[in-house]
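# Architecture and fold: a report
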Amino acid sequence: MTRIVSIFLAVVLALVVIVVPLAWFVLLRPVAQPATNDPLQVFDHGSIGNESAQGIPYWIWRVLPTLFPEYLPGNQDGYGSIGVYWVAGEELPVGFSKKTLGVIPRVAPNCAFCHQGSYRLHAGDPATFVPAGAGTRVNIQGFLRFLTAIGRDKDRFTTDKVMAAITGIYDMPLYERLLYRYLLIPAVRKAFAEQATRFAWMDPRPDCPRPDWGPGRIDPFNPVKFFNLKLPDDCTIGNSDIMPLWHLDGLADPKRETSLHWDGLSTNLRETAVAGAIGDGMDYQGYAGANADLTTIIDFVRLQMPPPSPFSTALGADDPYHVDVAQVEKGKAIYLDRCAVCHEPGGARFRTVISAAELDTDRHRIDMWTEAAKDRYTNYREGGYNWGFKAFHKTNGYLANELSGLWLRAPYLHNGSVPTLRDLLAAPSERPKTFYRGYDLVDPANGGFVSQAGTVAERFGTLYDTSVPGNANSGHAFGTDLPAGDKDALVAFLKTL
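### Examining the overall build of the protein
- Summing up its helical and strand segments, the protein has 18 helices and 14 strands in all.
- The globule rule puts the C-alpha radius of gyration for 497 residues at 23 Å, and the 25 Å found for the protein is close to it.
- Over its C-alpha atoms, taken along the principal directions, the protein stretches across nearly 95 × 50 × 45 Å.
- Positive and negative charge centroids in the protein, built from 47 and 53 side chains respectively, lie 6 Å apart.

Pasting the structure below:
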């Protein structure tokens, strides 16, 4: 009997010695992405080390819009319906990486998933891509709900149906068929179901009336609070506009501490990038392979500039993007007198946090980031790994941001509650109560994007209601007391930034 047990244990040990390394080699061994010297390519498609947690096997990712079109926002246009830009000829839309683990390529979101922009100067124009821009059209919550809806649809997300869709477009070799049929599709089905549970807090309920994020917005830290940091659902609302990542080299001023995020919750660019990757699913094992790409991404956003404004004094007077020389000069003088202290590099309050009491803007985003969240993230350990975060803060205000590319940053304020520059200079009580956001046609008259009811924005955009919690358009009354002529001049200048 003892001999039989010994033989059995020897067989089990041999299988472990063989099977575990084989499974790692086939399913988990990270394979470096093709090398490139193009930092934009790294920003748009580089891995941030989240493939093991968020990566979807490539061929499953390919067929999901075909299998479940009704769960996409607007039920149209495949992944285009979530607002991501797809550069002609590229395999993936901007904001998705493709990295092989073992022998299976996996697709996962990266930094550019949120931080990408586009614009149109005329209604018939194709969209122009803006790297690292504000995510005007990107519907992150729509993508999450697409995946979670699939996770709940157990009767349709079956091995047979997924395999039929894949083999209809790809002559899959036998080894890959076996992996997909018996390992990958069941694993993804389980992961989607778990994701549905993980993001159930987003679903509206009477005791916690959270509004939808909508295109161009995200609740960036509640997912981290509830999942990574294991804090309870406190019903806070963190909905805020997706910030562009432009011109961040100025943060390296050794003479002053500069703030990042809408509420200044961090003061270190690298920690911000690493924390963002963690929020998107990077673990400490993935960090080793993603570190070089994260460094390239950080260098890219330090130096990346927005596209030049189309508004110009050199255009003919009949051009919708013409601005008058005298008006621009007058507006510049008003800006330097009234705005530069906060928004101009070198200004005493530039990239500092201005108190909520002074700003009087919607404070839900501030209240979402709590002292408990700051403390837990500072001391965050994963599998015993110490990330060494030192730059997290809890503040009670919002960032006085720089204004480069202001013509592409609409809607305005941290929660995107004011559609145009002209509206921002109106008294809060006179600002639009509702408008449509998520369309990228520039409004040449008012500065921002076309957003009014009855325009093309109503067809392609999403209704924004300022009466909903977290969506208030109050506060930032600076400049609202100017005479009408001065407001016109200031708008003319601001459109050129």
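### As for the environment of phenylalanine 221
- Counting through the fold element by element, phenylalanine 221 comes out in the loop between strand 7 (217–218) and helix 8 (222–228).
- A relative accessible area of 6% places phenylalanine 221 in the buried class.
- When the C-alpha positions of phenylalanine 221 and glycine 485 are compared, they lie 41 Å apart, and in sequence the two are 264 residues distant.
- Among all residues touching phenylalanine 221, those that are not within four sequence positions of it are His261, Leu265, Arg365, Met368, Trp369 and Tyr377.

### Observations regarding helix 7 (residues 174–198)
- Under the 1.5 Å per step criterion, the end-to-end length of helix 7 is 34 Å for 25 residues, consistent within 8% with the ideal 36 Å.
- Of all the bends found along helix 7, the most pronounced is centred on tyrosine 180 and spans about 45°.
- Those residues of helix 7 that fall on the buried side of the exposure criterion are Glu176, Leu179, Tyr180, Leu184, Ile185, Val188, Phe192, Gln195 and Ala196.

### Considering the pattern of salt bridges
- Summed over all chains, the structure comprises 23 salt bridges.
- Each of the salt bridges in this network shares a partner with another, and the network as a whole consists of Arg205, Asp207, Arg210 and Asp233.

### Examining the confidence of the model for the protein
- Looking at the protein, the pLDDT average stands at 91 and 93% of residues meet or exceed 70.
- No element of the protein has a lower mean pLDDT than helix 1 (residues 2–28), which averages 55, and none a higher one than helix 16 (residues 421–424), which averages 98.

### A word on unusual backbone geometry
- Omega for the bond connecting alanine 410 with proline 411 falls within 30 degrees of zero, at -10°, which places this linkage in the cis form.
- Residue placement: proline 411 occurs in the loop between strand 12 (397–399) and helix 16.
- For histidine 261, which is not glycine, the phi dihedral falls at a positive 70°.
- Structurally, the position occupied by histidine 261 is in the loop between strand 8 (240–241) and helix 9 (269–279).
- Look at histidine 476: it is not a glycine, yet its phi comes out positive at around 45°.
- Within the secondary structure, histidine 476 sits in the loop between strand 14 (462–465) and helix 18 (484–494).

### Regarding empty space enclosed by the protein
- Counting across every chain of the model gives 6 cavities of 30 Å³ or more.
- Its volume calculated, the second largest cavity comes out at about 80 Å³.
- Every residue along the wall of the second largest cavity is listed here: Thr136, Ala410, Pro411, Pro419, Tyr436, Arg437, Gly438, Tyr439, Phe449, Val450 and Ser451.
- Along the lines of polarity and charge, the residues of the lining of the second largest cavity split into 7 nonpolar, 3 polar and 1 charged.

### Looking at the sheet that holds strand 4 (residues 104–109)
- Within the open sheet, the 4 strands sit side by side as 1-3-4-2. Their pairing is antiparallel. Edge strands, defined here as strands with exactly one partner in the open sheet, are strand 1 (30–31) and strand 2 (56–57).

### Concerning the pairing of strand 4
- Extensive coverage of strand 4 is indicated by the burial of 6 of its 6 residues.
- Going residue by residue along strand 4, you find Ile104, Arg106 and Ala108 tucked away on one face and Pro105, Val107 and Pro109 tucked away on the opposite face as well.
- Summarising the sheet, strand 2 and strand 4 pair through 2 bridges and their orientation is antiparallel. If you follow proline 57 over to strand 4, its bridge partner there is arginine 106.
- Examined bridge by bridge, strand 3 (residues 96–101) and strand 4 share 6 bridges and lie antiparallel to one another. Counterpart to lysine 98 in the pairing with strand 4 is valine 107.

### Thoughts on a nonpolar patch on the surface
- Together, Leu174, Leu178, Tyr182 and Leu183 give the surface a local cluster of nonpolar side chains, amounting to about 450 Å² of exposed area.
- Note that tyrosine 182 resides in helix 7.

### Brief notes about the side chain of lysine 99
- Its location among the elements puts lysine 99 in strand 3.
- No salt bridge is formed by the buried lysine 99; the nearest opposite charge belongs to glutamate 51, separated by 4.9 Å.
- Leaving out residues up to four positions away in the same chain, lysine 99 has contacts with Pro30, Val31, Gln33, Ser47, Glu51, Ile104, Pro105, Arg106 and Gly289.

### Notes on helix 5 (residues 140–152)
- Taking 1.5 Å per residue as the helical rise, helix 5 with its 13 residues ought to reach 18 Å, and the 19 Å between its terminal C-alpha atoms agrees with that figure.
- Counting buried residues along helix 5, 11 of its 13 residues qualify, which places the element largely inside the surrounding structure.
- Of all the residues in helix 5, the buried ones are Ile140, Gln141, Gly142, Phe143, Leu144, Phe146, Leu147, Thr148, Ala149, Ile150 and Gly151.

### Considerations on the packing of helix 6 (residues 159–167) against helix 7
- Contact geometry for helix 6 and helix 7: axes closest at 10 Å, N-to-C directions at 125°. The angle between helix 6 and helix 7 falls in the class oblique. Helix-helix and strand crossings are classified by hand; for helix 6 and helix 7 the assignment is right-handed. Residue-level inspection shows Thr159, Asp160, Val162, Met163, Ile166 and Thr167 of helix 6 in contact with helix 7, the latter providing Arg177, Tyr180, Arg181, Ile185, Pro186 and Arg189.

Cut-off values and rules
Residues numbered from 1 in each chain as written. Predicted model: local features only at pLDDT ≥ 70, side-chain atom pairs only at ≥ 80, totals over all residues. Heavy atoms only, no water. Helix = DSSP H or I, 4+ residues; strand = E, 2+ residues; numbered from the N terminus. Rg over C-alpha atoms; globule rule 2.2 N^0.38 Å. Lys, Arg positive; Asp, Glu negative; His and termini not counted. Charge placed at Lys NZ, Arg CZ, Asp CG, Glu CD. Buried < 20%, exposed > 50% of the residue type's maximum accessible area, 1.4 Å probe, protein only. Contact = heavy atoms within 4.5 Å. Expected span 1.5 Å × (residues − 1). Bend = angle between axes of the 7 residues up to and from the residue. Salt bridge = Lys/Arg side-chain N within 4 Å of Asp/Glu carboxyl O. pLDDT = per-residue confidence, 0-100. 1 Å grid on protein atoms, 1.4 Å probe; cavity = no way out; pocket = protein on both sides within 12 Å on 5 of 7 lines; lining within 4 Å. Points joined across faces, edges and corners; volume = space filled by probe spheres on them. Nonpolar A, V, L, I, M, F, W, Y, C, P; charged D, E, K, R; others polar. Pairing = 2+ DSSP bridges. Patch = residues over 30% accessible without salt bridge, like charges linked within 9 Å, V, L, I, M, F, W, Y side chains within 5 Å. Areas by Shrake-Rupley, 256 points an atom, 1.4 Å probe, with all protein chains shown as cover. Axes fitted to C-alpha atoms, helices over the stretch in contact; angles between N-to-C directions. Parallel < 35°, antiparallel > 145°, perpendicular 65-115°, else oblique. Left-handed = near helix turned anticlockwise from the far one by under 90°.

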